[in-house]
Amino acid sequence: MGMRGSFRVPYVHTSEELAQIVQAMYRKVEARSPSVEPGIVRLKRLEISRVVRTGKALERMLGDMARSMPFLGEMHPFHRDLLALIVEEKDYKHSLAKVGKAYKAIRAIARDAIAAIKVAEDKRGVARARRMFLGRIRDLLDDLSSDLDLLRNVTRFLRSLPTIDPELPTIIVAGAPNVGKSSFVRCVSSAEPEVAEYPFTTRRIHVGHIDYMGIRVQVVDTPGLLDRPLDELNEAERQAVVALRHIRHAAVFLIDPTHHSGYTLDEQLRVLDTVRSIFGGTLEVVINKADIADPEQLAEVEAALGRALPRVSSLHCAGTREVVDCVVRRAVGIG
Ligand SMILES: Nc1nc2c(ncn2[C@@H]2O[C@H](COP(=O)(O)OP(=O)(O)OP(=O)(O)O)[C@@H](O)[C@H]2O)c(=O)[nH]1
Ligand SMILES: [Mg+2]
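Keep in mind the model is a prediction, meaning the values are calculated, not measured. (Residues numbered from 1 in each chain as written. Chains lettered and ligands numbered in written order. Predicted model: local features only at pLDDT ≥ 70, side-chain atom pairs only at ≥ 80, totals over all residues. Heavy atoms only, no water.)

**A few points about helix α8 (residues 235–246)**
Consideration 1: The end-to-end C-alpha distance of α8, which contains 12 residues, comes to 16 Å, matching closely the 16 Å that a straight helix rising 1.5 Å per residue would cover.
Consideration 2: Along α8, the residues classified as buried are Ala-236, Glu-237, Gln-239, Ala-240, Val-241, Val-242, Ala-243 and Leu-244.
Consideration 3: At its buried positions, α8 is contacted by α3 (77–83), α6 (123–160), β1 (170–175) and α9 (265–278).
Consideration 4: Where α8 begins, the capping side chain belongs to Asn-234, and its oxygen is found 3.0 Å from the backbone nitrogen of Ala-236. (Helix = DSSP H or I, 4+ residues; strand = E, 2+ residues; numbered from the N terminus. Expected span 1.5 Å × (residues − 1). Buried < 20%, exposed > 50% of the residue type's maximum accessible area, 1.4 Å probe, protein only. Contact = heavy atoms within 4.5 Å. Polar contact = N/O pair within 3.5 Å; in protein donor to acceptor, adjacent residues only side chain to side chain.)

Structure (C-alpha cells):
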C-alpha cells in the first residue's frame, strides 16, 4: 500500500506568503543585457525576463505542492477515513485540482504581460504592464487562498497522525473516558501518551510498539468513548471509532469498576456494546484499577458480563503485560 511510516506532506504556503515570495522574486531578477542597449530596449528585456522567471517559479511552487499532496486513491482506507473526519473528499479533490491547474492561468497572465511590455512606448508603459502582471497574480492567489488553507489543514492533520501501519498486528485499547487506557498503553508499550486524572485527556490516537518474540506489534491508545449515538461523537471519539472499524486484529476494552473515572458501570457497558457493534476482531474485556476496586465492585462487573475477567492495575503496571501477551498470542495465531 506504500503507506508505511509517516505521511510525507509538502509545506503549503498561504496565498499571502506566495504573494510576498513573488514580489521579492520579481525585484531580484537583474538586467543581464549589455548596457550599450538603448534604455527602453534594455528595460523591456529586463521586464520580460522578470515576468517569465517569476511566472515559472510560481507555477513550479504550486505544481509541486499539488503533486506532493497525498492522493486519495493511494491512501490506505484507514487513513482515508481519518482524513474524512476533517475534510470532505470532494472539497479536498476540488482544491487540489484548482491549485494543480493554476499554471494555466499564470501562463495566460504572463503572456498578456509580455505582450503589453512589447508594445509599451515608454518607461511608464512598461511600469503599467508590470503593475498589471503583479496585480493579476495577486488576484489569482487571493482566489486560491481558501484552497491553500484547506490543503494546509490537511497537511497539519496528516502530520499529527501517528504512524500506524495498518498491516502490522495491532491491539487497540478502548473504553470510556478516564478508565486508564493511556496508563495501560504506557505500561505495555513504547508509547508515552499523556495520563491525567480527568476525562478527555487523550484527544487523538497514539501508537506504541511491543516486541513479542520478534514480532512487532502495535498498541493503539484511543480517546475515551461516551455512551451516545455514533453520529453525535466529536472528532476525537470519531478517531477512536475509525481505528476500531479498520484495525481488525484485537482490542482490549478496559472497565473501571470504581467510581474513580466518573462513569458508572452501566454507562461503560453501553460503550462496550457500541464497541462490539463496530469492532470486528477479538475483544478482551479487562478490569482496570483493581488496586482500588473493592470486592463487591469486581463481583458486580463479572456478574454483569457473566464470567471471570482479567484484573489489572495500570497505575502499577500489574498484570498488564500478561493480558497483552495473551491477546497478542491470539492475534498472531500462536496458542
Ligand atoms: N488507582 C488506579 N488509578 C489508575 C489506574 N489506571 C489509571 N489510573 C488513573 O486514572 C486516571 C486516568 O488515567 P488515564 O490513563 O489518563 O485514562 P484514559 O482512559 O486514558 O483517559 P482519557 O484519555 O481521558 O479517556 C489517572 O489519574 C490515572 O493515574 C489504576 O489501575 N489504578
Ligand atoms: Mg487517555
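**Regarding the pairing of β1**
Regular strands place side chains that alternate from one sheet face to the opposite one.
Consideration 1: Here β1 lies mainly inside the structure; six of its six residues are buried.
Consideration 2: Residues Thr-170, Ile-172 and Ala-174 point to one face of β1 and Ile-171, Val-173 and Gly-175 to the other, with burial holding for every one of them.
Consideration 3: Both β1 and strand β4 (residues 250–255) contribute to a ladder of five bridges, which runs parallel. Residue pairing in the sheet places Ile-171 in a bridge with Ala-250 of β4. (Pairing = 2+ DSSP bridges.)

**Some remarks on the site of ligand 1**
Consideration 1: Taken together, 24 residues form the shell around ligand 1, and within it Lys-181, Ser-183, Thr-201, Thr-202 and Asp-291 come nearest.
Consideration 2: In this structure, an oxygen atom belonging to ligand 1 sits 2.8 Å away from a main-chain N or O atom of Thr-201.
Consideration 3: For ligand 1, an oxygen atom lies 2.8 Å from a polar atom in the backbone of Ser-314.
Consideration 4: When each cavity is represented as a set of grid points, ligand 1 is found to reside in the largest pocket.
Consideration 5: Partitioned by chemical class, the residues of the shell around ligand 1 number nine nonpolar, 11 polar and four charged. (Near = heavy atom within 4 Å. 1 Å grid on protein atoms, 1.4 Å probe; cavity = no way out; pocket = protein on both sides within 12 Å on 5 of 7 lines; lining within 4 Å. Sits in = over half its atoms within 2 Å of the grid points. Nonpolar A, V, L, I, M, F, W, Y, C, P; charged D, E, K, R; others polar.)

**Quick word on the sheet that holds β4**
Consideration 1: With respect to topology, five strands assemble into an open sheet ordered β2-β3-β1-β4-β5, the strand pairing being mixed. A single partner strand is all that each edge strand has here, and the edge strands are β2 (206–212) and β5 (282–287). Sheet twist, expressed as the mean angle between neighbouring strand axes with direction ignored, is 25°.
Consideration 2: Sitting on the sheet, helix α7 (residues 181–188) is in contact with β1, β2, β3 (215–221) and β4, with an inclination near 160° to β3.
Consideration 3: Here helix α11 (residues 320–331) sits on the sheet and contacts β1, β2, β3, β4 and β5; the angle it forms with β2, its principal contact strand, is near 80°. (Axes fitted to C-alpha atoms, helices over the stretch in contact; angles between N-to-C directions.)

**Brief notes about the coordination of the magnesium ion (ligand 2)**
Consideration 1: Only Ser-182 (OG) and Thr-202 (OG1) from the protein coordinate the magnesium ion (ligand 2), and they sit 2.0 to 2.1 Å from it. Placement of the pair is Ser-182 in helix α7 and Thr-202 in the loop between α7 and β2, with a sequence separation of 20 residues.
Consideration 2: Judged by its relative accessible area of 8%, Ser-182 falls in the buried class. (Donors = N, O, S within 2.8 Å, 3.2 Å for Na, K, Ca; no water.)

**Things to note about the side chain of Glu-284**
Consideration 1: Mapped onto the elements of the fold, Glu-284 is located in strand β5.
Consideration 2: Reaching out from Glu-284, the side chain makes a polar contact with the side chain of Arg-330 at a distance of 2.7 Å.
Consideration 3: Once you skip the residues sitting within four places of it in the chain, Glu-284 turns out to touch Ala-251, Val-252, Phe-253, Pro-310, Val-327 and Arg-330.

**Structural notes on the state of the cysteines**
As used in these notes, a disulfide is a covalent bond between sulfur atoms, one from each of two cysteines.
Consideration 1: Applying the stated criterion to the full structure yields one disulfide.
Consideration 2: One disulfide bridge connects Cys-187 with Cys-317, the sulfur atoms lying 2.1 Å from each other. Its torsion about the S-S bond being -85°, the disulfide of Cys-187 and Cys-317 is classed as left-handed. Within this pair, whereas Cys-187 is found in helix α7, its partner Cys-317 is found in the loop between α10 (295–305) and α11, the two being separated by 130 residues in sequence.
Consideration 3: Judged by relative accessible area, Cys-317 falls into the partly exposed class, the value being 41%.
Consideration 4: Unpaired in this structure, Cys-326 has its nearest cysteine sulfur neighbour in Cys-187, at a distance of 17 Å.
Consideration 5: Among the residues examined, Cys-326 registers a relative accessible area of 28% and is labelled partly exposed. (Disulfide = S-S within 2.5 Å.)

Remember, this is a structural readout, not a statement about activity or role.
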